[in-house]
Amino acid sequence: MRRYRNEIIIEPSSVIKRFTVGEIALEKMVYKQLSLSNIKTAQIIEEGEDVLVFSRLDGLTMNALFETSEAYQDDFLPYLLEWEEYLRLWHEAIKDYRYGDVNMNNFIYVNHQWIGIDFEQIVIGTIEEDFSDMMCFILFHSPKLTEYKYQLVRRWLQSLTKTDSQIPVNWERKLQEALGRLNQRRNSNEVLDMHKIMGGSV
């Protein structure tokens, strides 16, 4: 069955989202929980049966910042570590669920902090699944599997292993599972050079 995207209309001061996929109730629930946890979000300024109208966020997407960083060979890891902290707060607020659709267009950098959008496809899961999904989005962002991307993901993994809980995370397995999800979404058969990511020290 073909999945159609939601209709998005961008106005000067607002964003109108008409739902054709995902759950509007989930989106509203996440915004409510984030607000209760004092996590910055866009504001819902109007709602209907299948429509939400949000305040417009004035900032760059993670996608735009990442493409610029790679083009100029700038270090993107500080942005990624800030995003990691945002996602940890998100998971504390939204119990038992994971973000799910953690592609780089769903995060906007506003006044030196990340703000997430598009929550209608959250699913039951863990933060490690969200992290590994983001790694795959980074690695296969065009042009895919560049040395810059491999080094960035490897350095992030090295940082993550220092903050793992008492039970170490099998990041190689998590990455393989995330790659499977990416291939299913894209109907592709991508592969990863795990040695380039894991090396001997992760």
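1. Focus on the overall build of the protein
Thought 1: Assigned secondary structure in the protein consists of seven helices and nine strands.
Thought 2: At 17 Å, the protein has a C-alpha radius of gyration in line with the 17 Å of a compact globule built from 202 residues.
Thought 3: Sorting the 202 residues of the protein into buried and exposed places 46% on the buried side.
Thought 4: Within the protein, counting contacts between residues at least 6 apart in sequence, those at least 24 apart form 69% of the total.
Thought 5: Total accessible area on the protein is roughly 11300 Å²; 48% of this is exposed by carbon and sulfur atoms.
Thought 6: Distance between charge centres in the protein, computed from 23 positive and 31 negative side chains, equals 3 Å.

2. Some details on the nonpolar core
Where a protein is soluble and globular, its nonpolar side chains tend to be buried together.
Thought 1: The biggest cluster of nonpolar side chains holds 60 residues, and the ones touching the most others in it are Trp83, Trp90, Met134 and Ile197.
Thought 2: If one sorts the elements of this core by residue count, helix H4 (residues 127–139) sits on top with eight residues.
Thought 3: When near neighbours in sequence (up to four residues on either side) are disregarded, Trp83 contacts Met62, Val102, Phe107, Trp114, Asp130, Phe131, Met134 and Trp156.

3. Brief notes about the pairing of strand E3 (residues 44–47)
Thought 1: Looking at chain direction, E3 and strand E4 (residues 51–55) are connected through three bridges and run antiparallel. The residue bridging Glu46 from the neighbouring strand is Val53, located in E4.
Thought 2: Hairpin remark: E3 followed by E4, antiparallel, with three residues in the connecting loop.

4. Considerations on the side chain of Asn103
Thought 1: Position of Asn103 among the secondary structure elements: in the loop between strand E6 (97–98) and strand E7 (107–110).
Thought 2: Polar side-chain contacts of Asn103 include one of 3.0 Å to the side chain of Asp101.
Thought 3: From its side chain, Asn103 meets the backbone nitrogen of Asn105 in a polar contact 2.8 Å long.

5. Things to note about the sheet that holds E4
The strands making up a sheet are joined through hydrogen bonds of the backbone, oriented either antiparallel or parallel.
Thought 1: Across the sheet, four strands lie side by side as E1-E2-E4-E3; this open sheet has antiparallel pairing. What marks the edges here is a single partner per strand, and that holds for strand E1 (7–10) and E3. Shown here is a sheet whose adjacent strand axes are inclined to one another by a mean of 20°, direction ignored.
Thought 2: Relative to E4, helix H1 (residues 24–36) is tilted by about 30°, and along the sheet it contacts strand E2 (14–18), E3 and E4.

How each quantity is defined
Residues numbered from 1 in each chain as written. Predicted model: local features only at pLDDT ≥ 70, side-chain atom pairs only at ≥ 80, totals over all residues. Heavy atoms only, no water. Helix = DSSP H or I, 4+ residues; strand = E, 2+ residues; numbered from the N terminus. Rg over C-alpha atoms; globule rule 2.2 N^0.38 Å. Buried < 20%, exposed > 50% of the residue type's maximum accessible area, 1.4 Å probe, protein only. Contact = heavy atoms within 4.5 Å. Areas by Shrake-Rupley, 256 points an atom, 1.4 Å probe, with all protein chains shown as cover. Lys, Arg positive; Asp, Glu negative; His and termini not counted. Charge placed at Lys NZ, Arg CZ, Asp CG, Glu CD. Core = buried A, V, L, I, M, F, W, Y, C linked by side-chain atoms within 4.5 Å. Pairing = 2+ DSSP bridges. Polar contact = N/O pair within 3.5 Å; in protein donor to acceptor, adjacent residues only side chain to side chain. Axes fitted to C-alpha atoms, helices over the stretch in contact; angles between N-to-C directions.

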